[in-house]
Amino acid sequence: MGIKVLLVDDEPSILMTLELVLEAEGFEVQTASSAMGAKAALRQGSFDVVLTDLSLETPSTGYDIVRAAKQHPAKPATLVVSGFPDLLCEWQAEGADAALQKPTEVPELIATIHRLAANRAN
(Lines give C-alpha, C1' and ligand atoms only; values in the text may rest on other atoms or scores of the structure.)
Protein backbone atom coordinates (compact mmCIF):
# COMPACT_ATOMS: atom_id res chain seq x y z
CA MET A 1 0.00 0.00 0.00
CA GLY A 2 1.37 3.40 -0.98
CA ILE A 3 1.90 6.40 1.19
CA LYS A 4 -1.30 8.46 1.31
CA VAL A 5 -0.73 12.18 0.87
CA LEU A 6 -3.19 15.03 1.24
CA LEU A 7 -1.87 17.79 -1.03
CA VAL A 8 -3.18 21.32 -0.40
CA ASP A 9 -2.45 24.33 -2.62
CA ASP A 10 -4.67 27.13 -3.91
CA GLU A 11 -2.70 27.51 -7.15
CA PRO A 12 -4.32 25.11 -9.66
CA SER A 13 -1.19 24.63 -11.79
CA ILE A 14 0.98 23.82 -8.76
CA LEU A 15 -1.67 21.49 -7.36
CA MET A 16 -1.99 19.58 -10.63
CA THR A 17 1.75 19.41 -11.26
CA LEU A 18 2.59 18.20 -7.76
CA GLU A 19 -0.24 15.67 -7.88
CA LEU A 20 1.19 14.20 -11.10
CA VAL A 21 4.75 14.19 -9.73
CA LEU A 22 3.72 12.48 -6.48
CA GLU A 23 1.54 9.91 -8.24
CA ALA A 24 4.43 9.11 -10.60
CA GLU A 25 6.50 8.38 -7.48
CA GLY A 26 3.88 5.90 -6.26
CA PHE A 27 2.09 8.04 -3.69
CA GLU A 28 -1.69 7.91 -3.30
CA VAL A 29 -2.70 11.55 -3.59
CA GLN A 30 -5.86 13.44 -2.69
CA THR A 31 -5.95 17.16 -3.35
CA ALA A 32 -7.64 20.17 -1.80
CA SER A 33 -7.48 23.79 -2.96
CA SER A 34 -8.52 25.46 0.31
CA ALA A 35 -8.36 25.06 4.07
CA MET A 36 -12.04 24.12 4.10
CA GLY A 37 -11.42 21.43 1.49
CA ALA A 38 -8.41 20.12 3.39
CA LYS A 39 -10.32 19.92 6.65
CA ALA A 40 -13.18 18.10 4.90
CA ALA A 41 -10.70 15.61 3.43
CA LEU A 42 -9.22 15.04 6.89
CA ARG A 43 -12.71 14.37 8.29
CA GLN A 44 -13.46 11.88 5.52
CA GLY A 45 -10.16 10.03 5.18
CA SER A 46 -6.88 9.03 6.68
CA PHE A 47 -3.48 10.18 5.43
CA ASP A 48 0.15 9.44 6.17
CA VAL A 49 1.37 12.92 5.22
CA VAL A 50 -0.35 16.29 4.80
CA LEU A 51 1.58 18.55 2.41
CA THR A 52 0.22 22.09 2.45
CA ASP A 53 1.12 25.43 1.03
CA LEU A 54 1.35 27.93 3.86
CA SER A 55 -0.33 30.89 2.15
CA LEU A 56 -3.86 29.96 1.19
CA GLU A 57 -6.74 32.19 2.29
CA THR A 58 -4.34 34.10 4.57
CA PRO A 59 -0.52 34.10 4.75
CA SER A 60 -0.55 31.43 7.47
CA THR A 61 -3.67 29.36 6.72
CA GLY A 62 -1.44 26.31 6.23
CA TYR A 63 -0.81 26.27 9.96
CA ASP A 64 -4.57 25.88 10.53
CA ILE A 65 -4.39 22.75 8.38
CA VAL A 66 -1.40 21.51 10.42
CA ARG A 67 -3.43 21.92 13.62
CA ALA A 68 -6.42 20.11 12.08
CA ALA A 69 -4.16 17.26 10.97
CA LYS A 70 -2.66 16.94 14.45
CA GLN A 71 -6.17 16.52 15.89
CA HIS A 72 -6.96 13.68 13.47
CA PRO A 73 -6.87 10.20 15.07
CA ALA A 74 -4.38 8.98 12.41
CA LYS A 75 -1.93 11.78 13.31
CA PRO A 76 -0.52 12.33 9.80
CA ALA A 77 2.90 13.91 9.47
CA THR A 78 2.72 17.51 8.27
CA LEU A 79 4.89 19.35 5.75
CA VAL A 80 4.44 23.04 4.97
CA VAL A 81 5.84 24.76 1.88
CA SER A 82 6.05 28.45 1.12
CA GLY A 83 7.80 30.89 -1.15
CA PHE A 84 8.06 33.30 1.80
CA PRO A 85 10.95 32.33 4.12
CA ASP A 86 9.81 34.75 6.84
CA LEU A 87 6.53 32.84 7.13
CA LEU A 88 8.29 29.47 7.29
CA CYS A 89 10.45 30.39 10.27
CA GLU A 90 7.62 29.50 12.68
CA TRP A 91 6.96 25.99 11.32
CA GLN A 92 8.25 24.13 14.40
CA ALA A 93 6.45 26.38 16.86
CA GLU A 94 3.26 25.93 14.83
CA GLY A 95 3.53 22.13 15.11
CA ALA A 96 4.56 21.15 11.58
CA ASP A 97 6.93 18.20 11.19
CA ALA A 98 8.93 19.75 8.34
CA ALA A 99 9.08 22.78 6.06
CA LEU A 100 10.45 23.41 2.58
CA GLN A 101 10.89 26.66 0.71
CA LYS A 102 9.39 27.08 -2.76
CA PRO A 103 10.50 26.45 -5.36
CA THR A 104 11.20 23.00 -3.98
CA GLU A 105 13.42 20.52 -5.76
CA VAL A 106 11.42 17.37 -6.53
CA PRO A 107 14.02 14.91 -5.14
CA GLU A 108 14.12 16.84 -1.86
CA LEU A 109 10.31 16.88 -1.67
CA ILE A 110 10.06 13.14 -2.35
CA ALA A 111 12.79 12.33 0.18
CA THR A 112 11.11 14.51 2.82
CA ILE A 113 7.74 12.80 2.33
CA HIS A 114 9.35 9.36 2.59
CA ARG A 115 11.24 10.41 5.74
CA LEU A 116 8.12 11.83 7.37
CA ALA A 117 6.07 8.74 6.57
CA ALA A 118 8.82 6.44 7.90
CA ASN A 119 9.18 8.46 11.11
CA ARG A 120 5.43 8.42 11.58
CA ALA A 121 5.39 4.63 11.25
CA ASN A 122 8.02 4.24 14.00
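Above this note sits the structure.
Remember, it's a predicted structure, so these values are computed and weren't measured experimentally. (Residues numbered from 1 in each chain as written. Predicted model: local features only at pLDDT ≥ 70, side-chain atom pairs only at ≥ 80, totals over all residues. Heavy atoms only, no water.)

*Asks:* Hey, could you run me through helix α1 (residues 12-24) in this one?
*Replies:* In this model α1 runs 18 Å from its N-terminal to its C-terminal C-alpha over 13 residues, within 8% of the 18 Å that 1.5 Å per residue would give. Every buried residue of α1 is listed here: Leu15, Leu18 and Leu22. For α1, the angular spread of the buried residues around the axis is 75°, confining them to a single face. In α1, those exposed residues whose orientation departs by more than 90 degrees from the buried face are Pro12, Met16, Leu20 and Ala24. (Helix = DSSP H or I, 4+ residues; strand = E, 2+ residues; numbered from the N terminus. Expected span 1.5 Å × (residues − 1). Buried < 20%, exposed > 50% of the residue type's maximum accessible area, 1.4 Å probe, protein only. Arc of directions from axis to C-beta.)

*Asks:* Teacher, can you tell me more about the side chain of Ser55 here?
*Replies:* Along the chain, Ser55 turns up in the loop between β3 (49-53) and α3 (61-71). Ser55 gets classed as buried once you look at its relative accessible area, which sits at 17%. A distance of 3.1 Å separates the side chain of Ser55 from the backbone oxygen of Pro59, its partner in a polar contact. Residues in contact with Ser55, not counting those within four places in the same chain, are Asp10, Ser82, Phe84 and Leu87. (Polar contact = N/O pair within 3.5 Å; in protein donor to acceptor, adjacent residues only side chain to side chain. Contact = heavy atoms within 4.5 Å.)

*Asks:* How should the layout of surface pockets be read in this particular structure?
*Replies:* Which parts of space are left empty comes out when a probe the size of a water molecule is rolled across the atoms. Looking at the largest pocket, its volume works out to about 200 Å³. If you go around the largest pocket, the residues you meet are Ile14, Thr17, Leu18, Val21, Leu51, Val81, Lys102, Pro103, Thr104, Val106 and Leu109. Of all the elements in the fold, those that place two or more residues in the lining of the largest pocket are α1 and α5 (106-121). Tallying contributions element by element places α1 first for the lining of the largest pocket, with 4 residues. Across the lining of the largest pocket, the residue classes tally to 8 nonpolar, 2 polar and 1 charged. (1 Å grid on protein atoms, 1.4 Å probe; cavity = no way out; pocket = protein on both sides within 12 Å on 5 of 7 lines; lining within 4 Å. Points joined across faces, edges and corners; volume = space filled by probe spheres on them. Nonpolar A, V, L, I, M, F, W, Y, C, P; charged D, E, K, R; others polar.)

*Asks:* Help me understand the packing of helix α2 (residues 35-44) against α3, please; the structure alone is not making it clear to me.
*Replies:* Two measures define how a pair of helices packs: the angle their axes make with one another and the distance between the axes. As a packed pair, α2 and α3 sit with axes 10 Å apart at the nearest point and diverge in direction by 10°. If you check the angle between α2 and α3, you find them roughly parallel. Contact residues: α2 offers Ala35, Ala38, Lys39 and Leu42, while α3 offers Thr61, Asp64, Ile65, Ala68 and Ala69. Its residues assigned to classes, the contact of α2 with α3 shows 6 nonpolar, 1 polar and 2 charged. (Axes fitted to C-alpha atoms, helices over the stretch in contact; angles between N-to-C directions. Parallel < 35°, antiparallel > 145°, perpendicular 65-115°, else oblique.)

*Asks:* Is there a simple way to explain the sheet that holds strand β1 (residues 4-8) in this structure?
*Replies:* Spatially, β2-β1-β3-β4-β5 is the arrangement adopted by the 5 strands of the open sheet, whose pairing is parallel. Two strands lie at the open edges of the sheet, namely β2 (28-32) and β5 (98-101), each paired on one side alone. Sheet twist, expressed as the average angle between the axes of neighbouring strands with direction ignored, equals 20°. Sheet topology places β1 next to β2; 5 bridges connect them, and they run parallel. Within β2, the residue paired with Leu6 across the bridge is Gln30. Its contacts with the sheet place α3 against β1, β3 and β4 (77-82), and it is angled at close to 175° to β4. (Pairing = 2+ DSSP bridges.)

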